[in-house]
Amino acid sequence: MKLLLFTLFSLAVFQHTAQFTNNFDVVKIGAIFFHDEMKLVEAFDTAVRDINNLELDVRLEPIKHYLSSDDSLTLQELACDLIENGVAALIGPSSKASSDIVEVICNTTGIPHLQFDWYGEDIYGHRRNHKLTVNVAPVEQLLAKALLDIVRFKKLESFMIVYENSRNLGRMEYLFSWRKMNNKTGIRLWHFSRGDDYRVMWKQINSLREKYIVLDCPADILIEVLNASIIFNMTGQFNQWFLTSLDTHTANFSSSYFTAFLAAIYAVRLRPYIPPPVHDESDVFEEDEPDLISSARGKLLYDAVVLYFNAVRNQIRSQQYREPRARCHRGFWRTGLEIIEQMKILTARNVTPPFKTQKMQLNEYGTRDEFNLEIYNPLIDRITHIWNKNQNLVPYETLVAAKESKKKKFDEVQDYTVKRVKYIVATRLGEPYFMYRPEPEGVHYEGNDRFIGYAVDLIYKLAEELDFDFVFELVPDNNYGSQDPKTGEWNGIIRQLIDNSAQIGICDLTITQARRTVVDFTVPFMQLGVSILFYREPPPPKSPYGFLAPYSLDVWICLLLAIMVSALALVVVGRISHADWVSPIAHDPDPAEVENIWNLNNTLWLNVGSILCQGCDLLPRGSAMRVFTAFWWIFSLLLSQTYLANLAAFITASKMQSSVDSLHDLINQNKIQFGMLKGGSTQLLFSESNESEYRLAWSKMVSMKPDAFTASNAEGVDRVKRSEGRYAFLLETTTLQYYLARNSELKQIGTPFNEKHYGIAVPLHAPYRSTLSVGILKLSEKGELFKLKKKWFSANESSKNAKEAKNDESQYTMESVSGIFIVLLGGICVSLLIGILEFLWNVEQIVVQEKLPAMVVLKAELKFFIRFWETRKPLHTYAESRGSTSTGYSSYDQMASGSTVKKKKKKKKKKGKSNKVSSD
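Residues numbered from 1 in each chain as written. Predicted model: local features only at pLDDT ≥ 70, side-chain atom pairs only at ≥ 80, totals over all residues. Heavy atoms only, no water.

Engineer: Pulling in residues and values, what's your account of the environment of Ser583?
Structural biologist: With respect to the element layout, Ser583 can be found in the loop between strand S21 (581-582) and strand S22 (595-596). Along the chain, Ser583 and Asn596 lie 13 residues apart, while their C-alpha atoms are 8.8 Å from each other. Those residues in contact with Ser583, other than ones at most four positions away along the chain, are Asp588, Pro591, Glu593 and Val594. (Helix = DSSP H or I, 4+ residues; strand = E, 2+ residues; numbered from the N terminus. Contact = heavy atoms within 4.5 Å.)

As structure tokens, this is what we get:
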């Protein structure tokens, strides 16, 4: 009895165990991998393990086969072997397999075929003929659209696509249709192979002056490829890198992240699915354990296994599952089609375990057109935007609340790419735009403080307006930037911008079409033309006797002789002429005697007055005298007018302009050489112009010996000054005005021609060009540009002296007219000497006539001379003095003692009155 009970209990336990064991349905799933795809094998094993660990009613039994090479016959054998082993699904191989033999076999046997990689063909018509194949990798056309949206958002007008695998070019489909290829303003392609010397590649790409790179590179060699570009300055802050590989985040960027890597770099990856507390698609930003599957293909393989598991489980639970019994050459498993339909209706809400990527759902064609992409900075793993096909790019900050976003530890790694922008400003020495600052004794300037000039002040103003830093760097060859006609290479400032060695180029740099093909320019900050700088002839040396210059010494001697001879001739003719003998008493009808006024004294006065155009109160009466005098007046008139005309010509002789008055005059002569700055825009104007006058001028300059071109404007100005009128220099009007204001020996000839503009040069398609242009416009509106021009081009102390020197040329100084004052002074001295002699002669006559002591007479005359208020003088005739010597003596004695004749008369009157009173 006990034995029977034990037997029945054991049978019940066995039946129960058997029944419990039968609740687990085992589904075989096959996979084909290449030998070097161990990461994918790990992802497959992880998916199977995670599913089986759930201990649900269905378990997966993996069967894996491996390939050593891409061989369609081997693939066919492996696929048939897996199907004969009873697999209910077949995964793989990856896109490394060029044959679709596995897909064809699955389609003919009814076994579901799961793909997780990108293939070249995603045409829906092709999928309709392969209904047993599904692909969980995002549709490549949508990936291409995502890349286009990102490039548009980053405003990449021109870029280079550098790729390693030509299969991935399908993702560039929309880029190729958006921008033309092989164009300076479009897209260029560059292919490289694994194991190449990447430095050679970057050197050649850098020579093409491309700063925007779209790099499609496998993650395992990505760091090596990027590091090779650093030595060619392709990782500066004004370069941009777009990494299109979805596995970029798996590269070890931390090993190559340093302060020199300042380029803007961004990449894309599939947005991972984060399991929420409530089963929906909303993101939860919590700290999670790191995912062991990091590659995009590994996550997609995981999702493919999860998707199939949930579909086959639903099929089993619906009791419509039949084990596969198909073979490669016979039979078709219809349950496979039902499982495929189950896979198409599954979403992230009703699968377990959860997917690895967001929006994992197939469409009716068995492909995936729903997915999210993260645009992020791979250097610091910071997400900036999220992309999906409906909303395109959405800023990441808008998807998270401000409070939740703070939970992310973004500041664990320093972000060198978000520093304040700092530009390298390439320039050249040239007055007054860029010069070294004079250093007083004991003072030494460093950095940007070493320089002064118009361009220096302009950059400081722009930096203040736009909030950026800068550092000045002089170009080694001190050139603006010209192109070698043989090699096509540029030099100077333009070369620095092309090589990405500088971000801004500024000086007196003219905007030209040739330069605009390799660099961009901001709006102009100065307008100008071209003119001719020439030597100003110095004025003749100033002489105090310059007024004598119109006539030579012979003429002046002949003029004096003519005056003397004519005066003597007038005396002779006057004595001959009867009409010139007149009565000494006016209106005497019967004079006792007549006299002649034409003595040498009067004739000289007449001649001198006629020459000086002053006339004379002595007029001739006789016909002979009048004829003589008339001809003398004609001679005097012609002589004086000729003198005045020659004097005016002599005065303006030093102000006469040069015979060269324009570029046309300069070309049509051979005495004066002319040239210009070598390598500047003015040279380009003459060498490239089709105008005959410019071409002729260029031909003459090229053939001149010595060389007509100069290395700098200062050298040209110095050559003009040293040549003293044998060399003319063509340069921009602004620079010309600067030198004119500081050199009185220079002048401008002709009117300016060929309007030009100065601008700030930047590399092609530089994103900050418009910002600099706006800054220049703001400075112009504020009047800052006018102030800078006035400061550096208007008159300073030295230019004021130059202007004063020029003004002196149009004025007569005392040095120039001192001779006239000397003549006047000489005439005054001569007249005083004659007056003194006449005074002494008069005293002598009185002494002789009056028989008085000489000292008494001289004393009396001198005292009367001193009394200027006396306007009447007493006369003492010879008869009076002879009748009474005492009387005469007493009168001069009274004059000597200070008495006058009036006082003497008053005394006589008083004496007469007193005698009358006494007689009465």
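That was the structure; now back to the text.
Engineer: So, the sheet that holds strand S10 (residues 264-270): which residues are in play, and what are the values?
Structural biologist: Working definition: the strands of a sheet are paired by backbone hydrogen bonds and lie parallel or antiparallel to each other. Here 8 strands make up an open sheet; going across it, the order is S7-S6-S8-S9-S10-S11-S12-S13 and the pairing mixed. In this open sheet, the two edge strands, each paired with only one partner strand, are strand S7 (187-191) and strand S13 (392-395). Neighbour-to-neighbour, the strand axes of this sheet turn through a mean angle of 25 degrees, independent of strand direction. The sheet contact formed by strand S9 (residues 240-243) and S10 spans 4 bridges and is parallel. From the neighbouring strand, Phe242 faces S10, where its bridge partner is Tyr266. (Pairing = 2+ DSSP bridges. Axes fitted to C-alpha atoms, helices over the stretch in contact; angles between N-to-C directions.)

Engineer: Outline the sheet that holds strand S3 (residues 90-91), listing residues and values.
Structural biologist: On the basis of which strands lie adjacent, the open sheet formed by 5 strands has the order S2-S1-S3-S4-S5 and parallel pairing. Single-partner strands in this sheet number two, and they are strand S2 (58-67) and strand S5 (133-135). Here 2 bridges tie strand S1 (residues 25-34) to S3, and the two strands are oriented parallel to one another. From the neighbouring strand, Ala31 faces S3, where its bridge partner is Ile91. Helix H3 (residues 72-84) contacts S1, S2 and S3 of the sheet and is inclined by roughly 155 degrees relative to S2. Against the sheet, helix H10 (residues 296-317) makes contact with S1, S2, S3 and strand S4 (113-115), and its axis sits at roughly 155 degrees relative to S1, the strand it touches most.

Engineer: Could you give an account of the confidence of the model for the protein, with specific residues and numbers?
Structural biologist: A low pLDDT score tells you not to read the predicted coordinates there in detail. With 80% of its residues at a pLDDT of 70 or more, the protein shows a mean pLDDT of 79. Per-residue pLDDT stays below 50 along residues 278-288; that stretch engages in 28 contacts with residues further than four places along the chain or on separate chains. Confidence drops under a pLDDT of 50 for residues 405-414, and excluding neighbours within four residues, the segment shows 13 contacts in the predicted structure. (pLDDT = per-residue confidence, 0-100.)

Engineer: Account for the side chain of Asp457, with residues named and values stated.
Structural biologist: Its place among the elements puts Asp457 in helix H13 (residues 454-466). Given the relative accessible area of 17%, Asp457 is considered buried. In terms of polar contacts, Asp457 uses its side chain to reach the side chain of Trp792, at 2.9 Å. Non-local contacts of Asp457, meaning those with residues more than four positions away in its chain, are made with Leu788, Lys791 and Trp792. (Buried < 20%, exposed > 50% of the residue type's maximum accessible area, 1.4 Å probe, protein only. Polar contact = N/O pair within 3.5 Å; in protein donor to acceptor, adjacent residues only side chain to side chain.)

Engineer: Describe in detail the packing of H10 against helix H11 (residues 335-345), supporting the description with residues and values.
Structural biologist: Working note: a packed helix pair is described by the angle between its axes plus the distance between those axes. Here H10 crosses H11 at 120 degrees, and the two axes come no closer than 8 Å. Classified by the interaxial angle, the pair formed by H10 and H11 is oblique. Two packed elements cross with a definite hand, and for H10 against H11 that hand is right-handed. On H11, the residues touching Leu307, Tyr308, Ala311, Val312, Asn314 and Gln315 of H10 are Thr335, Glu338, Ile339, Gln342 and Met343. Residues of the contact of H10 with H11, tallied by class, amount to 6 nonpolar, 4 polar and 1 charged. (Parallel < 35°, antiparallel > 145°, perpendicular 65-115°, else oblique. Left-handed = near helix turned anticlockwise from the far one by under 90°. Nonpolar A, V, L, I, M, F, W, Y, C, P; charged D, E, K, R; others polar.)

Engineer: An account of helix H17 (residues 600-611) is needed here, citing residue identities and associated values.
Structural biologist: With 12 residues, H17 extends 17 Å between its outermost C-alpha atoms, agreeing within 8% with the 16 Å of an ideal straight helix rising 1.5 Å per residue. Regarding H17, the residues found buried are Asn602, Thr603, Leu606, Asn607, Gly609, Ser610 and Ile611. Measuring from the backbone nitrogen of Asn601 back to the side-chain oxygen at the start of H17 gives 3.2 Å, which picks out Asn599 as the cap. Residue Cys613 follows H17 closely and has a positive phi angle near 60 degrees. (Expected span 1.5 Å × (residues − 1).)

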